[in-house]
Amino acid sequence: MRLDLSAEAKAMAAEAREFFATALPDEMRRHVVQCPEIIPIELQKRWHRILASRGWGGHGLPAAAGGTGWSDEVHHAFLREMALADAPRPMLYGLRMVATTLVRYGTEDQVRRHLPGIISGEAMWCQAFSEPDAGSDLAAVRCRAVREGDEYVIHGTKLWTTEAHWADALCGIFRTGTGARKQEGITFLLMPMSARGIEVRPLKLLEGSHEVNQIFFDGVRVPVSERVGDEGDGWRVAKYLLATERLEIAEVGRSWSLLGRIKAVLAGPDAKMRTQCENPVVMTRLAELEIRLLVLDATERRLVLDGAEALRAGAPLLKIEGSTLAQDLSELLLDITGLDAQVWSKEYDLDTPQPVGAPGSGVAGRLFYNSRVRTIYGGSSETMRNLIARHDLKLGQG
Amino acid sequence: MRSPEATAAEMLGESVARFLSETCGFYERRPAEATGAYSLDRVWEGLAQIGALGLTVPEPRGGAGAGAAEAFVVCRELGRVALSTPYVSTALLASTALLEADPELQDEVLPRIIEGRSRVAVVASDFGAPTGGEKAGLAGRRVGEHEVSIEGYLSMLLHLQGSDLVMSSLRFGDAADTDYLVFLPVAALSEVSTGRFYDGTPVAAGRVEKAVVHARRVVKVSADLRQRMRLLFALGCASEASGLADALVQVTADYLRSRTAFGQTLDRFQALQHRMADLRMSQEAIRSCVALLIHALQTADCLQRERLRHAALAALGGHVRRIGKEAIQLHGATGAMWEHFAGAGLPRLMVLQQLCGNPDQHTHAYAHIVRDELPTGAYRPLF
């Protein structure tokens, strides 16, 4: 039941805080604050190179795989400081998901070939899981990979693939067979985005941003050596990767940061905000959100300190509350900003002033509308509740 | 990986759980509770033998020298069987106050507490909820060098029945700003009226008419000690609520797995699965509230402590209510029966959280703290 980090993790937090205070360029921080959902690829890579220059390019990976070799607790302390500093997110799909998954399920050859690019920040990855008829019901994937000699040949489509338009490579799950359960016959494959037969088409989210894509596979050939795990056993690999993604989506540190920004707006010079501060309903909402965040933070910390298995088991729970809370925080920011927040502002074009409304108010609208997807991607809140009911509570299994 | 301390605490928890299930399981004791014939004597004796009553007393004073984490597991197990006892008031609050008392009073009372021969009733509002009714409180007047004359009225005395001592706040007219506690024999109370909460917890009110006691029975209470005792009280209540919430989620899940309706067991309905998932989330949130209170007890900054206490108690209220109410709803009418565990769960959870003040008050207090913090510009996480 302790919440205090170990001395080692505290030292890491202090070291990281000091480093971020000087090494994080102002314009990068400004971008994260103003448009946190979409960080351009060049900024992401630049930030990763800064981390790599400090020897932190492989943060969270075992030393044997070229990583920092930190414990989960130390890594947790590091990620939290990175979020609190308003630094760009770690390279989620490459470092946090593909690399972690390869360390667990990949071959030595795959680790040797793919991890250096991920750790150096040169290789940008995306994750192709969902399909038009397989979203929350992910095991219903139909995008087919047919074995031909030493290759798989892929036909079909993947949907909602975040940052595919920037990625150098993708990981994905493909139907290679059928079994008694639909989770059987799924295979986990890696491939370069430059492979012949891959086409990426942009999809626009409701606030106008280009973050996700649809990918079409027309006879894409992938060597068998790029299969992770056994043929037909990709569901197990995907579940491991998804648990990591869900932990990232909880984003407790970034919610603290957003809460701080809301407070800063309220405490700012805008006369309208003084009225908001005197409004007990607003202050109660703010207090309730902070209390929820504090409790979520304590839950995450307890699970981190209980070990990797506990943390992964708790991922659905953290994902539901973390994503919902982030939405609710953005809604409070939207409400206190008022009508100004409804003025559409172009994504990550921070140097173009808003045509109408208070300067800087555009972030409130972007955050609110963009955050709608947070309770959907990485497994919807409803899917997370299914997992909690089945795995934690053993319901519906008789 | 669990620390050795955490492992030791869980071993203690297992001992307490085993003992409680053998001696005072809910369905075994419920008939006796129905007639008012249930006695805590056997439970109290067993808790003493396990070492739970001297848990937080330092080893040189005859206790186990344990901390808040161990206190949590004992309270959690008491909560799991929905048993209301004076454990928090006696083993946590009175023991803590006595460590600041005159050594002679310590020598007199601490061994009795540790051995299970003494139980202490406390006034709820001294450590938790403000209560209404007749203006209550004790006033003291020094008589000579060694004695104090005390009078006043006490209300919402918890577990007076079965206790031999009362610990109450005390004010002196000549030092109104100074905070004291006094240990009185129960016999010092007159005009005692008794009642009970919906969860069965005995409560009482009574008058103290110019009782003259030795000055050593009065303990000067620093602001730090008062705050720690408030936190211990909150921790005890929250820990019991956590144990009870765990048990209610478990019995409700068991029920859904076994009850058939519309041709299948209830646990196959997704609507019910999702409601159970929400209860599971509340269960973890309650544990986190406990963790926040333990953390507050280990925090030196008194403002930070108070902030954590308000946050934990504000959050606790909503989550325990959700579990208490849903456990009944998901059991159907059978869960609303007095003799059913789910039916006993809600009143117990409500009492535990209301003892610490209602959640709205804590949210309101927290909002004031946040409001005052706004101009500072310092908005780091709390741990």
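What you are looking at is a predicted structure, and each value in this text was computed from that prediction instead of being measured.

## Digging into the overall build of chain A
- Along chain A, the regular secondary structure elements total 14 helices and eight strands.
- For chain A, the spread of C-alpha atoms along the principal axes amounts to about 70 × 50 × 50 Å.
- Expressed as a percentage of its 398 residues, the buried residues of chain A come to 61%.
- For chain A, restricting intrachain contacts to residue pairs at least 6 apart in sequence, the fraction spanning at least 24 positions comes to 73%.
- Within the structure as shown, chain A displays about 15,800 Å² of accessible surface, and the carbon and sulfur contribution to it stands at 53%.
- Across chain A, the mean location of the 48 positive side-chain charges is 2 Å away from that of the 53 negative side-chain charges.

## As for the side chain of T299 of chain B
All names here are of chain B.
- Within the secondary structure layout, T299 lies in the loop between helix 9 (270–297) and helix 10 (302–331).
- With relative accessibility at 13%, the residue T299 sits in the buried group.
- Filtering out sequence-adjacent residues up to four positions away, T299 remains in contact with Q304, R305 and L308.

## Concerning the packing of helix 10 (residues 280–306) of chain A against helix 9 of chain B
- Contact pair helix 10 of chain A / helix 9 of chain B: the axes reach a minimum separation of 8 Å and the direction vectors enclose 90°. Compared by their axis directions, helix 10 of chain A and helix 9 of chain B come out roughly perpendicular. Of the residues in helix 9 of chain B, those touching helix 10 of chain A at L294, V295, A298, T299 and R302 of chain A are E284, A285, R287, S288, C289, A291 and L292 of chain B.
- In terms of residue class, the contact of helix 10 of chain A with helix 9 of chain B is made up of seven nonpolar, two polar and three charged.

## Section: the interface of chain A and chain B
- Chain A puts 48 residues into the contact, and the matching count from chain B is 42 residues.
- Counting the surface lost from both chain A and chain B, the interface buries some 4,000 Å², and carbon and sulfur atoms represent 67% of this.
- If you look at where chain A meets chain B, you find seven salt bridges.
- R307 of chain B is the salt-bridge partner of E290 of chain A, the closest N and O atoms lying 2.5 Å from each other.
- There are 18 residue pairs in polar contact (both at pLDDT 80 or more) connecting chain A and chain B.
- Secondary-structure elements contributing two or more residues to the side of chain A that touches chain B are helix 4 (72–84), helix 8 (252–266), helix 10, helix 12 (315–337) and helix 14 (381–392) of chain A.
- Among the elements that line the side of chain A that touches chain B, the one with the most residues is helix 10 of chain A, at 16 residues.

## Focus on the environment of G137 of chain B
Residues and elements named next belong to chain B.
- Relative to the helices and strands, G137 resides in strand 2 (residues 137–143).
- For the pair G137 and A205, spaced 68 residues apart in sequence, the C-alpha separation works out to 11 Å.
- Once you skip the residues sitting within four places of it in the chain, G137 turns out to touch E151, G152 and Y153.

## With respect to the packing of aromatic side chains
All names here are of chain A.
- Tallied over the full model, the rule gives 17 aromatic pairs over all chains.
- Judged by centre distance (5.7 Å) and plane angle (55°), the rings of F20 and W47 are tilted. Separated by 27 residues along the polypeptide, F20 in helix 1 (residues 7–23) and W47 in helix 3 (residues 41–53) bring together distant segments of the chain.
- Judged by relative accessible area, which is 2%, F20 ranks as buried.
- Owing to a relative accessible area of 1%, W47 belongs among the buried residues under this scheme.
- Aromatic ring contacts, followed pair by pair, group F19, F20, W47, W56, W70 and F78 into a single cluster.
- Over the ring of Y240 we find R312, and its NZ or CZ is 3.7 Å from the ring centre.
- Taking NZ or CZ as reference, R372 lies 4.7 Å from the ring centre of F368, over its face.

## Brief notes about the environment of M11 of chain B
- Mapping M11 of chain B onto the fold places it in helix 1 (residues 4–23).
- For M11 of chain B and E70 of chain B, which are 59 residues apart along the polypeptide, the C-alpha to C-alpha distance reads 9.7 Å.

## Topic: helix 8 of chain A
- Here helix 8 of chain A contains 15 residues, and its C-alpha end-to-end distance of 21 Å stays within 8% of the 21 Å for a straight helix at 1.5 Å per residue.
- Counting buried residues in helix 8 of chain A gives 13 out of 15 residues, a clear majority hidden from the surface.

Calculation notes
- Residues numbered from 1 in each chain as written.
- Chains lettered and ligands numbered in written order.
- Predicted model: local features only at pLDDT ≥ 70, side-chain atom pairs only at ≥ 80, totals over all residues.
- Heavy atoms only, no water.
- Helix = DSSP H or I, 4+ residues; strand = E, 2+ residues; numbered from the N terminus.
- Buried < 20%, exposed > 50% of the residue type's maximum accessible area, 1.4 Å probe, protein only.
- Contact = heavy atoms within 4.5 Å.
- Areas by Shrake-Rupley, 256 points an atom, 1.4 Å probe, with all protein chains shown as cover.
- Lys, Arg positive; Asp, Glu negative; His and termini not counted.
- Charge placed at Lys NZ, Arg CZ, Asp CG, Glu CD.
- Axes fitted to C-alpha atoms, helices over the stretch in contact; angles between N-to-C directions.
- Parallel < 35°, antiparallel > 145°, perpendicular 65-115°, else oblique.
- Nonpolar A, V, L, I, M, F, W, Y, C, P; charged D, E, K, R; others polar.
- Buried area = accessible area lost by both parts, 1.4 Å probe.
- Salt bridge = Lys/Arg side-chain N within 4 Å of Asp/Glu carboxyl O.
- Polar contact = N/O pair within 3.5 Å; in protein donor to acceptor, adjacent residues only side chain to side chain.
- Phe/Tyr/Trp six-rings, centres within 6.5 Å; stacked < 30°, edge-to-face > 60°.
- Lys NZ or Arg CZ within 6 Å of the ring centre and 35° of its normal.
- Expected span 1.5 Å × (residues − 1).

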